[in-house]
Amino acid sequence: MEEQDDNKLIEERREKLKALRAKGNAYPNDFRRNDLASRLTQLHGEKTKEQLEQEKPAASIAGRMLLKRIMGKVTFATLQDTSGRLQIYVSNDSTGAEAHEAFKHWDLGDIVAVEGTVFRTNKGELTINAGTVRLLSKAIRPLPEKFHGLADHETRYRQRYVDLIVNPEVKDLFLKRTRIIQAIRETLRDEGYLEVETPMMQPIPGGAAARPFKTHHNALDMDLYLRIAPELYLKRLVVGGIERVFEINRNFRNEGISTRHNPEFTMLEWYCAYEDWTYMMDSTERLIRAAAGSAQTIRYQGKAIDLGKPFARLPIPEAIRRQGVEGDLRDKKFLSRKLDALKVEHKADQGWGALQLMLFEAVAEKHLVDPTFIVDFPAEVSPLARRRDSDPDLTDRFELFIDAKEIANGFSELNDPEDQAARFQEQARRKEAGDAEAMYYDADYIRALEYGLPPTAGAGLGIDRLVMLLTDSASIRDVILFPHMRPES
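Residues numbered from 1 in each chain as written. Predicted model: local features only at pLDDT ≥ 70, side-chain atom pairs only at ≥ 80, totals over all residues. Heavy atoms only, no water.

A few words now on the overall build of the chain. Helix and strand content of the chain: 16 helices and 19 strands. Referenced to the eigenvectors of the C-alpha coordinate spread, the extents of the chain come out at roughly 85 × 50 × 50 Å. Every one of the 489 residues in the chain was classed for burial, and the buried ones make up 47%. A separation threshold of at least 6 residues defines the contact pool for the chain, and within that pool the share at least 24 residues apart is 65%. Side-chain charges in the chain split into 72 positive and 79 negative, and the spacing between the mean points of these groups amounts to 5 Å. (Helix = DSSP H or I, 4+ residues; strand = E, 2+ residues; numbered from the N terminus. Buried < 20%, exposed > 50% of the residue type's maximum accessible area, 1.4 Å probe, protein only. Contact = heavy atoms within 4.5 Å. Lys, Arg positive; Asp, Glu negative; His and termini not counted. Charge placed at Lys NZ, Arg CZ, Asp CG, Glu CD.)

Now the structure itself:
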């Protein structure tokens, strides 16, 4: 029934558009506004009715009509522009009977231009007394009446343009996202980092263990991959002498979709020569506090999270033991039995490092609500990280968890070309054995390391997940303007 009603309204609006076309240009582009709703409110919001009657300040605005109340010889309407909403007053006396009559037949959703003077109504609302009104863009589709309360969030994600029109808080969220990214960018620049851009299409996808998207370059007749991470290119730049470098980048991973995962997502990666992983943990804390601004204690999905105090640092084995697991966490048989009991699939050729990480993910990760750096990652699951001098089976690597979500991952970079080549070879062996997420062997990156990579620390931070946290958004789709969706039926 609702779809039939919409179809009837659409047909009625098409007839109105047909009539507009018969009179001339139905979509003019010669109006230039001078004011925004918020600016007029700022300039005149504190003035009394008498002051405005005396001053009669001129106003020229344009926006989408969201409300309309016809009252005989006068009509009140509300326009929304990029800055907010403002009431307009159209009447036979001020606007003219013919223009007013035409205005009565315009629809909610239409883009309207108004020129007039600012006054205050008897009820005290700041309003523009319209001297002229123009229809700039006819809306053929009606706005949904109860869009805000839709239980089906998919409609909001698919039609973000409507979501933004009807729900002002959605636009506020994305403005906050922009401010978060800007705060991160300014913090890094103030610390001497150079922002760069690296290839999004790569002959070899590297920098992460993930399944890539594949495409083909016709002119060069070669397969290319959408990047899964910019890491190896950024470290090439450190080799070249750009010792502090960062990129806020789009990554693409051909994997599942969930409330935490989108195939296309935004990451920050940054690298600093002559520093180690402990510097990078401190840097990560600084960036997150800069992004949070003055709100150092936030609420996320009903939980209070303190970003102001130093973040905890917790080794993987200790995180596992806190959940009541006792035993040798480097013993493959013990780890395998524990994973079997938890019904976690694993393979016989996986070492204790991979099994230990899987056990951590199964029993401990979900408890990491307060900001916590997880450390002591096995070398087996850290193919790009530097081995720890005191224990070569571990790496100088961390992952930051907040509310059981991985927010950042960083380490002292592996700069030994022979060690890196051996780890690439092991990754290539796993790929040949059927591991779609294993890394490729990147001979050019090894060549770059052979020229000498200084001791370097690097990290990646998930922008989308951080924005989720700082805007109290339950799903990653809430913080991406156009998230990926299944095709409409």
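Predicted confidence across the chain gives a mean pLDDT of 94, with 98% of residues reaching 70 or more. With pLDDT under 50 throughout, residues 147-151 is counted as low confidence; its partners more than four residues away or in other chains account for ten contacts. (pLDDT = per-residue confidence, 0-100.)

Let's shift gears to the side chain of R236. As for its placement among the helices and strands, R236 is situated in helix α9 (residues 231-239). Within the local environment of R236, its side chain forms a polar contact with the side chain of D442, the two groups lying 3.3 Å apart. The contacts of R236, once residues within four sequence positions are left out, are D442, D444, Y445 and A448. (Polar contact = N/O pair within 3.5 Å; in protein donor to acceptor, adjacent residues only side chain to side chain.)

As a further point, take the pairing of strand β5 (residues 126-137). As judged from the three bridges shared by strand β3 (residues 84-91) and β5, these two strands associate in the parallel manner. Bridge assignment links I88 to a residue of β5, and that residue is I128. Strand direction decides the pairing type here: strand β4 (residues 111-120) and β5, joined by ten bridges, are antiparallel. In the strand pairing of β5, A113 is matched with R134. Linking β4 back to β5 in an antiparallel pair, the connection comprises five residues, with G124 at a positive phi of about 90°. (Pairing = 2+ DSSP bridges.)

This paragraph deals with the pattern of salt bridges. Taken as a whole and judged by the stated rule, the model has 40 salt bridges. Here D442 and R236 are joined by a salt bridge, their closest N and O atoms 3.3 Å apart. With D442 in the loop between α14 (417-432) and α15 (443-450) and R236 in helix α9, this residue pair connects regions lying 206 residues apart in the sequence. For R429, the salt bridge goes to E426, with nearest N and O atoms at 2.6 Å. One end of the pair, R429, and the other, E426, are both in helix α14, three residues apart, so they sit about a helical turn from each other. Linked by salt bridges that have partners in common, R13, K16, D107, D110 and K138 make up one network. (Salt bridge = Lys/Arg side-chain N within 4 Å of Asp/Glu carboxyl O.)

Here the focus is the sheet that holds β5. Taken in spatial order, the five strands of this closed barrel run β1-β2-β3-β5-β4, and their pairing is mixed. Taken over all neighbouring pairs, the strand axes of this sheet differ in orientation by 55° on average, direction set aside. Both strand β1 (residues 58-71) and β4 contribute to a ladder of seven bridges, which runs antiparallel. Each bridged residue has a counterpart across the sheet, and for A58 the counterpart in β4 is T117. (Axes fitted to C-alpha atoms, helices over the stretch in contact; angles between N-to-C directions.)

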